[in-house]
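Analysis of the macromolecular model
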Amino acid sequence: MAFEDARHSLLDSGEGNPKPEVNVKSWPWLAACLGVLLLFPHRLDTTLVTSTYGFYRKYYMDDKIITDPSTVVGSLYDVNSLLRCAMRCMTQEQCHTFFFVSQESFCQLHSVLFLGADEGTTKISSTYWQLTQEACPYSQGFILYRPLGLCYQYHFQKEHWATANATCSNQGTMLLKVDTESKFQHMYAFLRNSSATRLEHVSVGASRVSGTWRWQDGTDVTWFRWGSGEPSSSTEQCLTMAWFYFFQWNDVPCDVDPNAFYNFICQKLV
């Protein structure tokens, strides 16, 4: 199954039952950048044209912080509230998650989601938040990356490529399409920055049909990122991102082979 996490939102104290909704408040200082801001005690919704966003706390990362410069898209001091940190994330398109250290009024923005606390160092009063969207629900394990309109879901169970492809299709998604350098670089950063994914191959959505590599949406593969010496076999007709190639591509058997079981990533458009 896709990973799960605590389902708590930006303004939820995490104690007792959710508070009743309060009246909508407007934030004129933010309207020029973000449009209309709707504020509720258990969710932060920002209306940008027709899209609704929210931030959700990742409790596994409480009192931790990750400072890897490869994923930091902003380090901000004198940010004296959680709400202001969230707004800074909203105005930085590459921001997908953020740490807020309340005792230091420090806000750090990141471009990827970290899946485990083992990557972090101790930072008292730090909390970690994930940006989500109605069309890309975090409650189903989806991860949003706004610059590419990308919504993806990492599956930890190992399957043959063909089974992984069917799993994605049956839930209305498709195996990940890594068709540009920018998408590869984002997925590389995501996969390399969590120990749960760093040493795992992942199936993605291309297969060889009559000698031509094609994505699952029917388009030909025109951008390639093969590992050294790949593709290496005419009998290996499906595609993975291989950890030992730093997530460059490797051709693999689509099914049958007892050793060809991999994690996989589904995606949908938002």
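For the structure, see preceding data.
Every value quoted in this text rests on a predicted model; they were computed, and no experiment measured them.

The next thing to look at is the pairing of strand β18 (residues 262–269). Summarising burial for β18: 6 of the 8 residues are buried, a large majority. Inspection of the sheet shows strand β14 (residues 202–209) paired to β18 by 2 bridges, in the parallel sense. The residue bridging V202 from the neighbouring strand is N263, located in β18.

A separate point is the pairing of strand β12 (residues 150–159). Bridge count for strand β11 (residues 142–145) against β12 is 4 bridges, and the pairing is antiparallel. Its bridge partner lying in β12, F142 is registered against Q153. The antiparallel pairing of β11 with β12 creates a hairpin that spans 4 residues between the two strands, and G149 there sits at a positive phi of about 60°. As defined by bridge partners, β12 adjoins β18 across 7 bridges and the pair is classed as antiparallel. Opposite L150, over in β18, you have L269 as the bridge partner.

Turning our attention to helix α3 (residues 161–170). Residues W161, A164, N165 and C168 constitute the buried set of α3. Angular distribution of buried residues about the axis of α3 spans 100°; they occupy a single face of the element. The inward-facing, buried residues of α3 abut β12, β13 (174–175), β14, β16 (238–242) and β18. Phi turns positive, to about 80°, at G172, one or two residues after α3.

What follows is about the state of the cysteines. Between two cysteines, a covalent bond joining their sulfur atoms is known as a disulfide. Within the structure shown, the criterion is met by 5 disulfides. Sequence-ordered numbering of the bonded cysteines in the protein chain yields a pairing of 1-4, 2-3, 5-6, 7-10, 8-9.

Within the element layout of this structure, Q267 appears in strand β18. Within the structure, Q267 has its side chain in polar contact with the backbone nitrogen of K177 (distance 2.8 Å). Once residues within four sequence positions are removed from consideration, Q267 is found in contact with L150, C151, Y152, T173, M174, L175, L176, K177 and K183.

Now for helix α4 (residues 181–192). With 12 residues, α4 should cover 16 Å at 1.5 Å per step; its first-to-last C-alpha distance of 16 Å lies within 8% of that length. Looking only at α4, the buried set comprises K183, F184, H186, M187, A189, F190 and L191.

So, about a nonpolar patch on the surface. The grouping of L199, W243 and F244 at the surface amounts to a nonpolar patch, some 300 Å² of accessible area in total. By the secondary structure assignment, F244 is in the loop between β16 and β17 (248–252). Given the relative accessible area of 43%, F244 is considered partly exposed.

A word on the packing of aromatic side chains. Under the definition given, this model contains 20 aromatic pairs. Centroid distance Y77 to F106: 4.9 Å. Interplanar angle 40°. Geometry classified as tilted. You can see Y77 sitting in the loop between β6 (72–76) and α2 (82–91) and its partner F106 sitting in strand β8 (residues 106–110), a full 29 residues away along the chain. Since its relative accessible area comes to 60%, Y77 is described here as exposed. Plain terms: the ring middles of W215 and W249 are 5.8 Å apart, the flat faces sit at 85° to each other, and that makes the pair edge-to-face. Highlighted residues: W215 in strand β15 (residues 212–215) and W249 in strand β17, separated in sequence by 34 residues. With a relative accessible area of 1%, W249 lands in the buried category. Ring pairs connect the aromatic residues F184, Y188, W213, W215, W223, F224, W226 and W249, which therefore count as one cluster. If you follow R146 out to its NZ or CZ, it ends over the ring of Y53, 6.0 Å from the centre.

Rules used in this analysis
- Residues numbered from 1 in each chain as written.
- Predicted model: local features only at pLDDT ≥ 70, side-chain atom pairs only at ≥ 80, totals over all residues.
- Heavy atoms only, no water.
- Buried < 20%, exposed > 50% of the residue type's maximum accessible area, 1.4 Å probe, protein only.
- Helix = DSSP H or I, 4+ residues; strand = E, 2+ residues; numbered from the N terminus.
- Pairing = 2+ DSSP bridges.
- Arc of directions from axis to C-beta.
- Contact = heavy atoms within 4.5 Å.
- Disulfide = S-S within 2.5 Å.
- Polar contact = N/O pair within 3.5 Å; in protein donor to acceptor, adjacent residues only side chain to side chain.
- Expected span 1.5 Å × (residues − 1).
- Patch = residues over 30% accessible without salt bridge, like charges linked within 9 Å, V, L, I, M, F, W, Y side chains within 5 Å.
- Areas by Shrake-Rupley, 256 points an atom, 1.4 Å probe, with all protein chains shown as cover.
- Salt bridge = Lys/Arg side-chain N within 4 Å of Asp/Glu carboxyl O.
- Phe/Tyr/Trp six-rings, centres within 6.5 Å; stacked < 30°, edge-to-face > 60°.
- Lys NZ or Arg CZ within 6 Å of the ring centre and 35° of its normal.

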